[in-house]
Amino acid sequence: MTESNAFQNALAQYDRAATHLNLKRGIAESLRYPKRELTVNFPVRMDNGDVKMFTGYRVHHNTALGPTKGGIRFHQDVSLDEVRALAMWMTWKCSLMGLPYGGAKGGVIVDPKNLSNNEIETLTRRYATEISVLMSPQQDVPAPDVGTNGQIMAWIMDTYSMHHGFSMPAVVTGKPVEIGGSLGRIEATGRGVMFAAREALKQLRMNIEDASVAVQGFGNVGSIAARTAHEMGMRVVAVTDVTGGVYNPQGIDIPALIAHLNSTRSVTGFPEADSISNAELLALKVDLLIPAALENQITSANAKDVKCKVLAEGANGPTTPDADDILNDKGIFIIPDILCNGGGVVVSYFEWVQDLQSFFWEEAEINKQLERHVVGAFRRVIEAAQCLKIDNRTAAQVLAIRRVAEATMIRGIYP
Ligand code: NAD
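The structure displayed is predicted, hence computed values, not measured ones. (Residues numbered from 1 in each chain as written. Predicted model: local features only at pLDDT ≥ 70, side-chain atom pairs only at ≥ 80, totals over all residues. Heavy atoms only, no water.)

A. Representation of the packing of aromatic side chains. Applying the stated criterion across every chain, the model contains 10 aromatic pairs. Each ring, one from Tyr 349 and one from Phe 350, has its centre 6.0 Å from the other, and the planes form 45°; the classification is tilted. With relative accessibility at 3%, the residue Phe 350 sits in the buried group. Members of the aromatic cluster, each reached through a chain of ring pairs, are Tyr 101, Tyr 349, Phe 350, Trp 352 and Trp 361. (Phe/Tyr/Trp six-rings, centres within 6.5 Å; stacked < 30°, edge-to-face > 60°. Buried < 20%, exposed > 50% of the residue type's maximum accessible area, 1.4 Å probe, protein only.)

If you want it as structure tokens, here you go:
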């Protein structure tokens, strides 16, 4: 098995969890497969008049619990196997968080940093048109992921609405609030990460005040998690992004770092901090390590160097199965991705419900319900891990897979 293949890793995690479930063979086998996969090759007219071809994907992993939900990624390393893995993890995440959704994911092979704003809009509208055969409020509801944001969701919603002749805000989530987005959605994933991390520190009887934190990735998830940690009184000592990193053992002023990022588009060069590499950040002796960038950051090659007490997986798939074994042997408390970053899809669900009802909630209510979902799922996972004497990731997957398997059995195999 290649440790760097995210889909192989997702399947290995699934197979491990399935051994604790006594599933019928046919059901166990069926859940290993994505339900449908679409590859689209499409042209985009660039600003200089040239036409360039791009490749994108949309994968629905499972629909037993309801319409599929999952982000859209714009990144140069997107591949079909990566999208399959992310779609499968979305199935388990929606199930674990108790949502009426299956899992999906999409992506385009592109580095958006190399495109103008106009080119990104054109690419987005064409990609949305290409995948619209699989997308609708009742069928599949995308959201932002790496390299995409609220503006891109707005273009997708507008494109889809133009084709139908009327506004359909419920077709995507993570939109700006002006066009049917939800209050609290931008912050939801990072905030949920910190609700889960806070519960883990409590579980381990560690101090929340002054807990030391390192964050890899300073985009939507990483920056909000860092800001929330800072607001909870923790000491964020290190942050990296794709350009480099900053380190200050006394703690970094996170609101000032966010302002620095907004003006320079990088965390590097921030005053009152030394520079630090990704490898050094992952090996820091901190209470809480939050990988919030991409998959496969902690592998069999560097897991032995990881010295945190709690690993809170803001990213999807940051730890490979081989690395998991090493971290579990070291006694590191892992909050697995499908639990740790599940707050994002929980508030996406709230956004979808608000759009369908055209009735919008206050932010305090949204944050309260978000906390209830994340803390509830955290407790269920810990209880299952203790009961079955298994690691947290396997416990989370056991709960998630069981719900999807039960729904599949109740629905029956068509025809
Ligand atoms: P983003 O594009 O907003 O941010 C990604 C960040 O990672 C950027 O700061 C980028 O510079 C950094 N990065 C990229 N490559 C890196 C590298 N090699 N080393 C260090 N940093 C690197 O993306 P995001 O939405 O914050 O997503 C981050 C992760 O969280 C992904 O795994 C995504 O699937 C997951 N996630 C996102 C959401 C969401 O609501 N956005 C929800 C659940 C999970």
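B. Highlighting the site of the ligand. Neighbouring residues of the ligand: 24 residues in total, closest Asp 145, Thr 189, Val 221, Asn 278 and Asn 316. Gly 147 places a main-chain nitrogen or oxygen 3.0 Å from an oxygen atom of the ligand. With respect to the ligand, the backbone of Gly 219 contributes an N or O atom lying 3.1 Å from an oxygen atom. Protein contact buries 85% of the 830 Å² of open area that the ligand shows by itself. Sorting the residues of the shell around the ligand by element identifies α6 (185-203) and α7 (220-231) as the ones contributing at least two each. Of the residues in the shell around the ligand, the class split is nine nonpolar, 10 polar and five charged. (Near = heavy atom within 4 Å. Polar contact = N/O pair within 3.5 Å; in protein donor to acceptor, adjacent residues only side chain to side chain. Areas by Shrake-Rupley, 256 points an atom, 1.4 Å probe, with all protein chains shown as cover. Helix = DSSP H or I, 4+ residues; strand = E, 2+ residues; numbered from the N terminus. Nonpolar A, V, L, I, M, F, W, Y, C, P; charged D, E, K, R; others polar.)

C. The arrangement of the sheet that holds strand β7 (residues 235-241) in detail. Strand order in the open sheet formed by seven strands is β9-β8-β7-β6-β10-β11-β12, with mixed pairing between adjacent strands. The open sheet terminates on both sides in strands that have one partner only, identified here as β9 (274-275) and β12 (333-335). As judged from the two bridges shared by strand β10 (residues 288-291) and strand β11 (residues 310-312), these two strands associate in the parallel manner. Considered in β11, the bridge of Leu 288 is made with Val 310. (Pairing = 2+ DSSP bridges.)

D. Examining the nonpolar core more closely. Of all hydrophobic cores here, the largest spans 89 residues; its most connected members are Trp 92, Met 194, Ile 290 and Ile 335. Looking at this core, the element that brings in the most residues is helix α13 (residues 363-388), giving nine residues. Apart from the residues lying within four places of it in its own chain, the contact partners of Ile 335 are Ala 196, Ala 197, Ala 200, Val 310, Leu 311, Ala 312, Glu 313 and Cys 340. Core analysis: the next-biggest nonpolar cluster, separate from the first, contains 25 residues, Val 40, Met 46, Val 110 and Met 168 among them. (Core = buried A, V, L, I, M, F, W, Y, C linked by side-chain atoms within 4.5 Å. Contact = heavy atoms within 4.5 Å.)

E. Local environment of unusual backbone geometry. Note that the residue after Tyr 414, namely Pro 415, is joined by a cis bond; omega there is 0°. With respect to the secondary-structure elements, Pro 415 resides in the segment after α14 (392-411). With a phi angle near 70°, Asp 210 is a residue other than glycine that sits in the positive phi range. Examined against the element boundaries, Asp 210 turns out to sit in the loop between α6 and β6 (212-216). Residue classification places Asp 210 among the partly exposed positions, given a relative accessible area of 45%. Backbone geometry at Ser 358 places phi at a positive 50°, although glycine is not the residue there. With respect to the helices and strands, the residue Ser 358 is situated in the loop between α12 (343-357) and α13.

Read these as layout, nothing more, since geometry by itself doesn't imply function.
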